[in-house]
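Structural overview for review
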Amino acid sequence: MAVLSLDPTTSTPEDADAPVLAQRPANLEGQVLGIVANGLGISEVMFDALAAVLCEEHGVRDVVKVVKPSVAVPPWPEQWEEIIGQATVAVTGFGGCGSCSTRSMRDAIDLEAQGIPSVCVVHSALVPAVRALARLVGGPDYPIVVVDYPHNPTAMWDKDEAAAVGSQVVEGVYRCLTAGH
Amino acid sequence: MSFVSPVHSFEDEEAASEGYFELGFTDGFPVIAPTETRVTAMLAAARLGPGEVLGEVPTRKVTVAAEKVAINAVMAGCRPEYFPVVVAAVRAFLQPEANAHSTTATLAGAAHAVIVNGPVRAELDIVSGQACFGPGFRANATIGRALRLVIRNVCRAVPGDLDRASFSWPLRYSFCFGENEEASEWTPLHVQFGYARDESVVIIQSIFSLVALLEFDASPQSILRTFAHFTRAYGMGRDDFVGDARSLVYVVGPEHQRRFLDEGWAKERVSQALWSLLTAPATGPYDRHVDVTGPENVLLVAAGGPGIAQSWLLLPHLAAPTHERIGP
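Residues numbered from 1 in each chain as written. Chains lettered and ligands numbered in written order. Predicted model: local features only at pLDDT ≥ 70, side-chain atom pairs only at ≥ 80, totals over all residues. Heavy atoms only, no water.

What follows concerns the overall build of chain B. When helices and strands are tallied, chain B shows 11 helices and 11 strands. Against the globule reference of 20 Å for 328 residues, chain B gives a C-alpha radius of gyration of 20 Å, in line with a compact fold. Based on the C-alpha atoms only, the size of chain B along its principal axes is roughly 60 × 40 × 30 Å. Considering chain B as a whole, with its 328 residues, one finds that 58% of them fall into the buried category. Summarising the internal contacts of chain B: among those between residues at least 6 apart in sequence, 80% fall at separations of at least 24. With the model as given, the accessible surface of chain B reaches about 12800 Å², and the carbon-plus-sulfur share is 54%. Here chain B contributes 26 positive and 36 negative side-chain charges, whose respective centroids are spaced 3 Å apart. (Helix = DSSP H or I, 4+ residues; strand = E, 2+ residues; numbered from the N terminus. Rg over C-alpha atoms; globule rule 2.2 N^0.38 Å. Buried < 20%, exposed > 50% of the residue type's maximum accessible area, 1.4 Å probe, protein only. Contact = heavy atoms within 4.5 Å. Areas by Shrake-Rupley, 256 points an atom, 1.4 Å probe, with all protein chains shown as cover. Lys, Arg positive; Asp, Glu negative; His and termini not counted. Charge placed at Lys NZ, Arg CZ, Asp CG, Glu CD.)

Okay, here's the thing in structure tokens:
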């Protein structure tokens, strides 16, 4: 006799709605950059370096940065209000561990839903994880910027290396946040 | 009873078990086919409808309904009478302070201990004594396994996908045990959390590391110094999300417990003395300050069998211990 058994999983990822990307500016001139940092390793130094270049070379007017209370949770509500109240474009991350990378991806998608063009900076080791998260919550093709080896995934870098990584991701971040994407 | 889950059809039970493996639904061990009859019996034992929501993992937009938990409990090999314990475990695991997304996607591969207190231990033969961490006990094995299958199938923590554990570890197959409340007059863990002694309760503790604590000296002071020494070798920093609730769990074996009891040390005194040792200033890279807020965050659970003078530290991931009364 046939055995009829029930499926143990949650609904299939394909059920998730694809997000609508916020409208990108033509360039970053006069924009306010929001940084939603998870505090992993010294990735804050990387973001500071990234922000400095975007201000100096691409005309970003101001920067507002929050560091979340833990690596893999949403920002506190007041941090969220600060970002969506001031930022006109945003970057999240650093996605270098399993839970923090995926949460940072969700942060970026949530900012996008608020109409703020955003991008998540992820290590190559965690790309499958953020893609899995994006499939679940909507947005399997959501843009990311990838940091690769030899930089280790957990952002246990020295300050020079962190600053170098910040400079390396400028082009990708710029591309994802502007209409050229 | 009406279910929303899709149905898979197989020729027989063996094909169902193989098929569920092929579909990616298992932990690698064979499973029991979750037929409607079996799932219905599971839900009835907890007096739950299939649509009852037990919690969610917001980061993943995952809502956990009783139907899916019952399906996974059948697959794990639970008897229906175990299901109220599984339900309480899932509810505790999904409380915000348990940080479900973080503890199941982490590179560190955190596990979860399902600690059971109260009369249900005797009713279901949930073992708290000799060999209680290991195989051989159906209730321990299948309740712990049910939670892990829920984490995999419902919460979507699949290795290589959202589960990013670099190594993972055997505790992630199943880890459930009871507190040996009958061994002494020590205040049971659930009573410390405000429950009545005759209530049955599940406590979930995330585990970053499981640390063996061996000390053969008989004095309570020596035992506590050893507990502190190994804990401080790992250290534990502050996490602002978990805040003051982050706690250490020490599973105290009977040979150590006996030494404390002989000297008249209640749990509270042990916790106080140990907290003082843990929070002393660091003296080097392998003797670190442990950021636990107070003695109430140094939790003791009596368990294990006689023989070796051993206890265990359940060092937490980025989560607080959470608890839930076992219904219905």
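On we go.
Right, let's get into the sheet that holds strand β7 (residues 209–214) of chain B. Residue and element names in this part refer to chain B. The mixed open sheet is built from 4 strands, whose spatial order is β7-β10-β8-β9. Of all the strands in the sheet, just β7 and β9 (298–302) have a single pairing partner and so form its edges. Taking each pair of neighbouring strands and ignoring which way they run, the sheet shows an average axis angle of 25 degrees. Here strand β8 (residues 248–252) runs beside β9; their pairing, made up of 5 bridges, is parallel. Note on β9: the bridge partner recorded for L248 is V298. Its contacts with the sheet put helix α10 (residues 254–262) on β7, β8, β9 and β10 (310–315), and the angle it makes with β8 is roughly 95 degrees. Contacting β8 and β9, helix α11 (residues 267–278) crosses the sheet at an angle of about 135 degrees to β9. (Pairing = 2+ DSSP bridges. Axes fitted to C-alpha atoms, helices over the stretch in contact; angles between N-to-C directions.)

Looking now at the environment of L48(B). Residue and element names in this part refer to chain B. When you line up the elements, L48 lands in the loop between α2 (36–45) and β2 (53–57). The exposure class assigned to L48 is buried, which follows from its relative accessible area of 11%. Taking C-alpha positions, L48 is 19 Å from V62, a pair spaced 14 residues apart along the chain. Excluding anything up to four places from it in sequence, L48 contacts M1, L43, L54, A66, F83, V87 and R91.

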